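# Report on the structure
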Amino acid sequence: LGAEISTILADPALVVLGSATDELIAESLSSGLPDRGVAVEFGSFVGDGDGLVTIYRAATESSVATLELLDASSRIVLEAAAELRAAADRDAELSYLLAVALLLATLAAVVLASRFVVRPLRHLQRSVDALQTGELEEITLPVTGPIEAKAAALALQDAAEHFSHVTRQARALAAGDLDAEVLDHEVTGGLGGALQTAVGRLRSALAQQEEFRQRLAHEASHDGLTQIPNRNASMAQLQRSLARTQRSGSHLAVLFIDLDRFKDVNDHHGHQAGDSVLREVAHRLLSNVREGDHVGRLGGDEFMVVAEPVDGLDDAVELAERLMDALAVPIDASGIELIVGASIGIALADDTHLSGDELLRDADLAVYRAKQVGRNEIGICDEELRNQLAERADLSTAIRRAVDFDEFVVHYQPIVSSADGRVQEVEALVRWMRPGSDRPQPPSAFIDFAERSAMIIDIDRWVIDAVAAQLAQWQQGDIHRGIPVAINVSGRHLAHERFVDHVLEPLRRHGVDPGLVIVELTESALLDDLSSAGTKLRRLRDAGVRISIDDFGTGFTSLSHLRALPVDILKIDRSFTATAAVDPHEASIVKLIIETGHLLGASITAEGIETEHELQRLTMLGSDSLQGYYFDMPRPPESLAAPDTWTREPASTFATTTN
Ligand code: C2E
Ligand code: CA
Ligand code: CA
């Protein structure tokens, strides 16, 4: 269309027409344009008017052509448009169809996905949840699903297996079961490796802890030197054995083994030799008891064997003999052959034994009796021994009662001067008015026994108090005023830290001059701890109390010891008095003792003077004072005669002749 218009417009005639028209229009504009009627009239002109007519015709033709052209063009355009629309409509329909198809396809995919992906994924999710909550049994493989989901599930199951394995390992560890089989199977993978390391560390830490605990327990229950169970562990073992035999009705024996010459080994060969002996003894005991018997060390050189079961006493004695034979063989302690030997006490458990302590005490008693018989002896705790024991238990209760209920009385025995026969002092001697007995009990019935425990201290204190009260009373009257009293105190009491107070306090309380009191101690009591005894005695001496050494000559006190002690009086034991009176050799010994005592500044008292002859002999040998039945018995204070009437023949003549 454009091209046709261009061709038309390029027509030379049209160009001429165009320019002519332009000129005409320009002229017309300057002269006024003819109206349409004129123009129509132009059509009828020719000549001058021809040109114009031609122009108009041409113009009209041209416009008609143009209109036709436009008409044709618009038709073409319309047709093309209609064609285009139809094409568009077709396209639209196709798109719609495509969209629907797409939608359907998507729907199908979703359904498929839900079947093959979502379900397995949900399954996986549940498995993960189960894994988190530890319900490992819940973890299973999905049956269907994409390969990825299956792979994930497999991995999950694998993890779950690891996890459950690790859980089992952890449980085993928590239970301390280090030998659990599960701990031996290593878990693979990074986590597995880390866990295995942790398991390994825990295992060794727990093992170390356990070992440490066992070592501590061993050390607490075993004797460090011999490595056999110590006293505590042995007593616990005995108690268990006792309970067991009581249930089963079988018999049980306790053997108390006390080495005979162990102290000698230590003293003469040193502690190292002593240690070797103890180790060897433990070894020999262990290798000579029967299977199931218990060997323990009670301490020092004391061992114990719990024999369970035994058929009876014969069985236990046989075992004791075997052990004794084994211990009688010389022991080699670093090249030195030592013969130690042992005494063994046997106690057979019966219904009366309620505790291991009681049983061991009986065995101890039996060995004590064996030792009294001699070395290498077997002692048996039988009925007789048990009765003795029961009596002792009764005695101990009775003595405690006696102290509490003032069942004691003090008798007094005069000590006279060998120079003029006058009473110099009296000795206080305790008696026990035991309920049920018609006579006062002598000290021999209870003092020795009391001296084995702290009971003696209570008795001593009771006597000191009674004497202080008596002294206070005597000072009120005329007859016994100014007479000093000698009080016996035991070595155990001397060792007591408050000994000095125990003597001085009652005197203060009763207002008694300490110068009226003499304390009598035996030699052996002083020897136990010479230095502390010396200190205490000096304190008493400083307070005015005099010190007397009793039973002198029996305790092998070296006279040099005496120099370290503040001694006022030495009492020659009664055993010397009798023999010195008849045996010249003994007499010379007594004379020597008396002279040395004098050199040390002590006054000498001879005990146990029963006859005139003894009185004269001892006076002749140099005794300053004399005590004995010859003068008077110990008597209760109310029967004490006036001092002047006590004396017999004064021995002054002998005293002067010897000087
Ligand atoms: P001891 O200190 O040597 O007491 C002297 C003992 O010899 C007393 O015996 C006394 O009665 C006795 N006796 C006195 N003269 C003669 C005599 O001529 N011939 C014979 N054969 N014996 C004579 P007793 O009273 O039985 O005292 C025995 C021991 O008991 C005392 O020996 C003393 O060691 C201890 N004792 C007595 N009373 C007490 C006390 O209150 N406390 C303490 N700890 N021991 C005491
Ligand atoms: Ca005495
Ligand atoms: Ca004596």
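Everything below is about the structure printed above this text.
Residues numbered from 1 in each chain as written. Chains lettered and ligands numbered in written order. Predicted model: local features only at pLDDT ≥ 70, side-chain atom pairs only at ≥ 80, totals over all residues. Heavy atoms only, no water.

## A few points about the pattern of salt bridges
Summed over the entire model, instances satisfying the criterion amount to 22 salt bridges. Measuring nitrogen to oxygen at the nearest pair gives 4.0 Å for the salt bridge that ties Glu407 to Arg401. Taking relative accessible area as the criterion, Glu407 reaches 10% and is therefore assigned buried. Put simply, Glu505 and Arg509 hold a salt bridge, and the shortest N to O gap is 2.9 Å. Note that Glu505 and Arg509 are positioned in helix H15 (residues 499-510) at a spacing of 4 residues, about one turn of the helix. A relative accessible area of 32% places Glu505 in the partly exposed class. In this structure, a network of salt bridges that share partners links the residues Glu427, Glu520, Lys571 and Glu607. (Salt bridge = Lys/Arg side-chain N within 4 Å of Asp/Glu carboxyl O. Buried < 20%, exposed > 50% of the residue type's maximum accessible area, 1.4 Å probe, protein only. Helix = DSSP H or I, 4+ residues; strand = E, 2+ residues; numbered from the N terminus.)

## Concerning the coordination of the calcium ion (ligand 3)
Around the calcium ion (ligand 3), the donor atoms from the protein are Asp550 (OD), Asp551 (OD), Glu607 (OE) and Glu607 (OE), and they sit 2.1 to 2.6 Å away. In this model, the calcium ion (ligand 3) sits 4.1 Å from the calcium ion (ligand 2), the two metals being bridged by Asp550. (Donors = N, O, S within 2.8 Å, 3.2 Å for Na, K, Ca; no water.)

## Comments concerning the pairing of strand E1 (residues 251-259)
Most of E1 is tucked away: 8 of the 9 residues are buried. As paired strands, E1 and strand E3 (residues 302-310) are joined by 7 bridges and run antiparallel to one another. By the bridge assignment, Phe256 is partnered in E3 with Met304. Relative to strand E6 (residues 342-348), E1 runs antiparallel, the two sharing 7 bridges. (Pairing = 2+ DSSP bridges.)

## Quick word on the coordination of the calcium ion (ligand 2)
With distances of 2.1 to 2.3 Å, the protein atoms coordinating the calcium ion (ligand 2) are Glu427 (OE), Asn488 (OD1), Glu520 (OE) and Asp550 (OD). As a motif over one chain, the donors of the calcium ion (ligand 2) read E-x60-N-x31-E-x29-D. For Glu427, a relative accessible area of 4% gives the class buried. Exposure remark for Asn488: the relative accessible area of 24% places this residue in the partly exposed category.

## A word on the sheet that holds strand E10 (residues 485-488)
Taken together, the 8 strands give a closed barrel; going around it, the order is E8-E9-E10-E11-E12-E13-E14-E15, and neighbouring strands pair in mixed fashion. Taken pair by pair, the neighbouring strands of this sheet meet at an average axis angle of 30°, ignoring direction. Relative to strand E9 (residues 423-432), helix H11 (residues 383-404) is tilted by about 125°, and along the sheet it contacts strand E8 (408-417) and E9. (Axes fitted to C-alpha atoms, helices over the stretch in contact; angles between N-to-C directions. Contact = heavy atoms within 4.5 Å.)

## A short note on the site of ligand 1
Neighbouring residues of ligand 1: 21 residues in total, closest Gln413, Asp460, Asp550, Glu610 and Tyr629. A distance of 3.3 Å is found between an oxygen atom of ligand 1 and a side-chain nitrogen or oxygen belonging to Asp551. Computed on the free molecule, ligand 1 has an accessible area of 800 Å², of which 83% lies beneath the protein chains in the complex. Contributing elements (two or more residues each) for the shell around ligand 1: E9, helix H13 (455-476) and strand E12 (546-552). Per-element accounting of the shell around ligand 1 gives the leading share, 4 residues, to E9. Of the residues that constitute the shell around ligand 1, the class distribution is 8 nonpolar, 5 polar and 8 charged. (Near = heavy atom within 4 Å. Polar contact = N/O pair within 3.5 Å; in protein donor to acceptor, adjacent residues only side chain to side chain. Areas by Shrake-Rupley, 256 points an atom, 1.4 Å probe, with all protein chains shown as cover. Nonpolar A, V, L, I, M, F, W, Y, C, P; charged D, E, K, R; others polar.)

## A look at helix H9 (residues 313-328)
With 16 residues, H9 should cover 22 Å at 1.5 Å per step; its first-to-last C-alpha distance of 22 Å lies within 8% of that length. The complete set of buried residues in H9 reads Ala316, Val317, Leu319, Ala320, Leu323, Met324, Ala326 and Leu327. Buried residues along H9 sit in contact with E1, helix H8 (262-288), E3, E6 and strand E7 (378-380). (Expected span 1.5 Å × (residues − 1).)

## A few points about the packing of aromatic side chains
Any two aromatic rings considered together are summarised by their centre-to-centre distance and by the angle between their planes. For the coordinates displayed, the defined rule picks out 6 aromatic pairs. Ring pairing ties together the aromatic residues Phe408, Trp432, Phe446 and Trp462, which thus form one cluster. Positioned above the aromatic ring of Phe405 is the side chain of Arg401, whose terminal nitrogen or guanidinium carbon lies 4.7 Å from the ring centre. (Phe/Tyr/Trp six-rings, centres within 6.5 Å; stacked < 30°, edge-to-face > 60°. Lys NZ or Arg CZ within 6 Å of the ring centre and 35° of its normal.)

## Concerning the pairing of strand E14 (residues 603-606)
As defined by bridge partners, strand E13 (residues 569-572) adjoins E14 across 4 bridges and the pair is classed as parallel. Across the sheet, residue Ile569 finds its bridge partner in E14, namely Ser603. Bridge analysis of E14 against strand E15 (residues 625-627) gives 2 bridges, and the strand direction is parallel. By the bridge assignment, Ala606 is partnered in E15 with Leu626. Crossover E14 to E15 through helix H21 (residues 612-621) is right-handed. (Right-handed = clockwise from strand over helix to strand, strands pointing away.)

## Examining the packing of H8 against H9
Taken N-terminus to C-terminus, the directions of H8 and H9 make an angle of 140°; their axes are 10 Å apart at the nearest point. Considering the relative orientation of H8 and H9, their crossing is right-handed. For the pair formed by H8 and H9, the contact residues are Val281, Arg284, Leu285 and Asn288 on the first element and Leu319, Arg322, Leu323, Ala326 and Leu327 on the second. For the contact of H8 with H9, a count of residues per class yields 6 nonpolar, 1 polar and 2 charged. (Left-handed = near helix turned anticlockwise from the far one by under 90°.)

## A look at the sheet that holds E6
The strands making up a sheet are joined through hydrogen bonds of the backbone, oriented either antiparallel or parallel. Across the sheet, 5 strands lie side by side as E2-E3-E1-E6-E7; this open sheet has mixed pairing. Each edge of the open sheet is held by one strand with a lone partner, namely strand E2 (294-299) and E7. Taking the axes of each pair of neighbouring strands and ignoring which way they run, one obtains an average angle of 20° across the sheet. Looking at chain direction, E6 and E7 are connected through 3 bridges and run parallel. From the neighbouring strand, Ile346 faces E7, where its bridge partner is Ile380. In the packing of helix H7 (residues 231-248) onto the sheet, contacts are made with E1, E2 and E3, and the angle to E3 comes to roughly 20°. Its contacts with the sheet put H8 on E1, E2 and E3, and the angle it makes with E1 is roughly 155°.

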